[in-house]
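# Structural features, examined
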Amino acid sequence: MQQLAGVELSKIKQIELLAASRPNTVSLAQGIPSFDTPKEIKKATITALNAGRVAKYSLAPGLIELRELIEGSLAEEGSQYDAQSEIIVTAGSIEAISSTMLALLEPLDEVILFSPSYVSYNQSIRLAGAKPVYVALDEASGWQFDKEAFLAALNKKTKAVLICNPNNPTGTIFDKQQLLAIAEIAYDRGIYIIMDEVYKDFLYEEDKTSLYSLTQEVRYRDLVIRIYSFSKAFSMTGWRVGYLVAAEQNARKILAVHDALVTCAPVISQYAAIKALEMPRKAWLTYLNEYKGRRNLMYDHLNRISALHFTVPSAAYFFFPRVNATRIRDYHNSEMLSLALLQVAGVAVVPGAAFGPSGEHHLRLSFGRDRTTINEGMKRLSDFFAAYAL
Amino acid sequence: MRYSIKKVLSWFLCALARYRLGRSHTVVVAVAGIVGKSTAKRTVAKKLKKFGEVFVSKKNYNTEIGLPLTLLDLEPPYSQTVGEWGTILYRAFVRAFFSPPLPRLAVVEFGVAEKGDMLQLLKIVTPIVAVITNISVSDFNSQTTLEDLSIEFAVLAASVPKQGLVVLNGDNNYAKIVKSAAKARIITYGAKEGNEVHPVAPKVMSSASDTATLAATIISDFISQRGTP
């Protein structure tokens, strides 16, 4: 198939596969939380399993009990969506993104991606036969949205803009002002705004306890598709469950693709998601504090490596340091450096180029891993840079 | 949780919630149905706010344990440990007797998964108004049939006193079963002919928010005529 020509395994998965084939490799690559799924979620899932409630499909958009809970949680933050017709439970966020792309895009359409942003968006867009167009975020100002660059990238073929907020890999947040600026431009041109909010709960600044979302604005309702996954905040990457919300006419189109791809999200995981949504804020704060501690730990390590320049992420769980080419021998690009780190130092990291052109000369390091892994991985990284220092 | 412990717990919480409701003289609107309960609950509550403060049951706390807890401004313990339950029971006791009364109007969700559930919920709350939303398939894994669940909703309709009101989505295939059980005034809404209240736009209602808005308007008119409690 011609449209599959540009689709390839993401760089993150390639690195993880290479890492898996090398014994004793420490991985700071894939964004997997180190925690097990909370026992309360597992217990509720076992109860549903033993009650014989998970053997059959759910309706294609998911269990109504879960959708109503999602509707309620959205309503609490001021986003009004109908559980029956505007919420779809998906097999993780990437299925939601791929279904959205396949449902709303035509071949040769263009989708704006901010660079750097999550690797797999590119593949999802290509899967739909469309073309990703990168718009660079401004690194000098802390990876902020550049309105002029965004406007310059738009043309008649532009069909959607995909925003990862908080952004993976930079750990930065698109604030309300920036989102409204994007939305207003998109509104004038009838461009879909696809919001991936997988890391919406990982906010580290004291004054920022919740994330502003464009779903709160009725004006952009017909254009916004919001996507969330239970994978990160609830340590449920293996359960493959997430959801999307969209205005009814868009949700209907996406549902048809979702049905064709997966029929429904795994029902057992939907029961897990029900319990996850009941997790009290206090319980989540325990996890958040631990992630904060790991961020500080990785910060301390990075501070000692002069060849890496970085900003402290205010969200998500990644550092995205820039490689100072003048401080390291034989440096060519982020991909070759990542391979060298894997082969020589036995530490897996993701090359920044995987996240778009502006990601080049950066590395993505995950602090979702446990402290032992972070300490060992960063020690190896540090030793490598010391050995190859100029 | 063991069945016997659950029963004791349910009885205790039910008694406390009933006591708080009783001393508050709260008029309760119960929202039931298989699909669209949460939307209807929020829409009705929003509409009724013009009459004053309205208590709204939280999240999906709509079971024999969840409902009394939410009426006592509590939430089920997340981890379900004995210690957590001990704390909850102590707080429930204090709230029932010493917390400020509930507002005069309350909108609560009734969740029914199997036969007999409705009777348990009615032990906690006697609604003056009952709203029954959509009765349609939502879960292929359920052991309970739609007919069984319709009978549960009929039990709710029958519990509403003569001076009360039953608001029923008349587009349901099972509306007749519910309708025949009610002794209070019953108003059906929906797109089909034969319903008393229809949507303004001549279309087939598909979203829960459309139907919820109709139900909310009916209830608001009823409370308005009946007078604020």
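Just so it is clear, the model here is predicted, and its values are computed rather than measured.

With that out of the way, let us pick up the pairing of strand S14 (residues 363-366) of chain A. Residues and elements named next belong to chain A. Residue alternation in S14 divides its side chains into two sets, Leu363 and Leu365 and Arg364 and Ser366, and both sets are buried. Where strand S10 (residues 318-319) meets S14, two bridges bridge the pair, whose relative direction is antiparallel. Paired with Phe319 across the two strands is Leu365, which belongs to S14. Here strand S13 (residues 350-351) runs beside S14; their pairing, made up of two bridges, is antiparallel. From the neighbouring strand, Val350 faces S14, where its bridge partner is Arg364.

Let us look at the nonpolar core. Core analysis: the largest hydrophobic core is formed by 65 residues, its most contacted members being Phe230(A), Leu381(A) and Phe385(A). Filtering out sequence-adjacent residues up to four positions away, Leu381(A) remains in contact with Ile305(A), Leu308(A), Leu341(A), Val347(A), Val349(A) and Leu365(A). In terms of nonpolar packing, the next biggest core, distinct from the first, is built from 51 residues, Ala30(B), Ala92(B), Ala130(B) and Ile135(B) among them.

Here we take up the packing of aromatic side chains. All names here are of chain A. Scanning the entire structure with this criterion turns up 32 aromatic pairs over all chains. Pairing Tyr187 with Tyr220 gives two aromatic rings, centres 5.8 Å apart and planes at 75°, and the pair type is edge-to-face. Note that Tyr187 is positioned in helix H7 (residues 176-189) and Tyr220 in the loop between strand S6 (192-196) and strand S7 (224-229), a separation of 33 residues in sequence. Look at Tyr187 and you get partly exposed, because its relative accessible area is 35%. Each residue in the set Phe35, Tyr199, Phe202, Trp284, Tyr287, Tyr291, Tyr317 and Phe318 is aromatic and connected to the rest through ring pairs, giving one cluster. Directly above the aromatic system of Tyr81 lies the positively charged group of Arg221, at a separation of 4.4 Å from the ring centroid. For Arg294, the ring lying beneath its charged end belongs to Tyr291, and the centroid distance is 5.5 Å.

Quick look at the UniProt feature "domain: Aminotransferase class I/classII large" (unreviewed entry) in chain A now. Feature annotation in UniProt assigns "domain: Aminotransferase class I/classII large" (unreviewed entry) to the following positions: residues 25-381 of chain A. For residues 25-381 of chain A, the helix share is 39%, the strand share is 15%, and the end-to-end C-alpha distance is 12 Å.

Criteria and thresholds
- Along every chain, residues carry numbers that run from 1 in the direction the sequence is written.
- The order in which chains are written sets their letters, starting at A; the order in which ligands are written sets their numbers, starting at 1.
- Since the coordinates come from a predicted model, pLDDT governs what is reported: local features require at least 70, and pairs of side-chain atoms require 80 or more to be given and counted, while whole-chain, interface and lining totals use all residues.
- As a rule here, side-chain values come from all non-hydrogen atoms in the structure, and water together with hydrogens is ignored.
- Exposed residues in this analysis have more than 50% of their type's maximum accessible area, buried residues have under 20%, and partly exposed residues fall in between, with area computed by a 1.4 Å probe over protein chains only.
- The helix count covers DSSP runs of H or I at least four residues long, the strand count covers runs of E at least two residues long, and both are numbered beginning at the N terminus.
- Two strands pair if DSSP finds at least two bridges between them.
- Buried Ala, Val, Leu, Ile, Met, Phe, Trp, Tyr and Cys residues that are joined via side-chain atoms within 4.5 Å together make up what is termed a nonpolar core.
- Should any heavy atoms of two residues lie within 4.5 Å, those residues are counted as being in contact.
- Classification of ring pairs rests on two measures: the distance between centres of Phe, Tyr or Trp rings, Trp counted by its six-membered ring, which must be within 6.5 Å, and the angle between planes, read as stacked under 30 degrees, edge-to-face over 60 and tilted in between.
- A ring has a charge above it when a Lys NZ or an Arg CZ is no more than 6 Å from the ring centre and no more than 35 degrees off the ring normal.
- UniProt positions are given in the numbering used here, feature names are shortened, and annotations may be inferred rather than shown by experiment.

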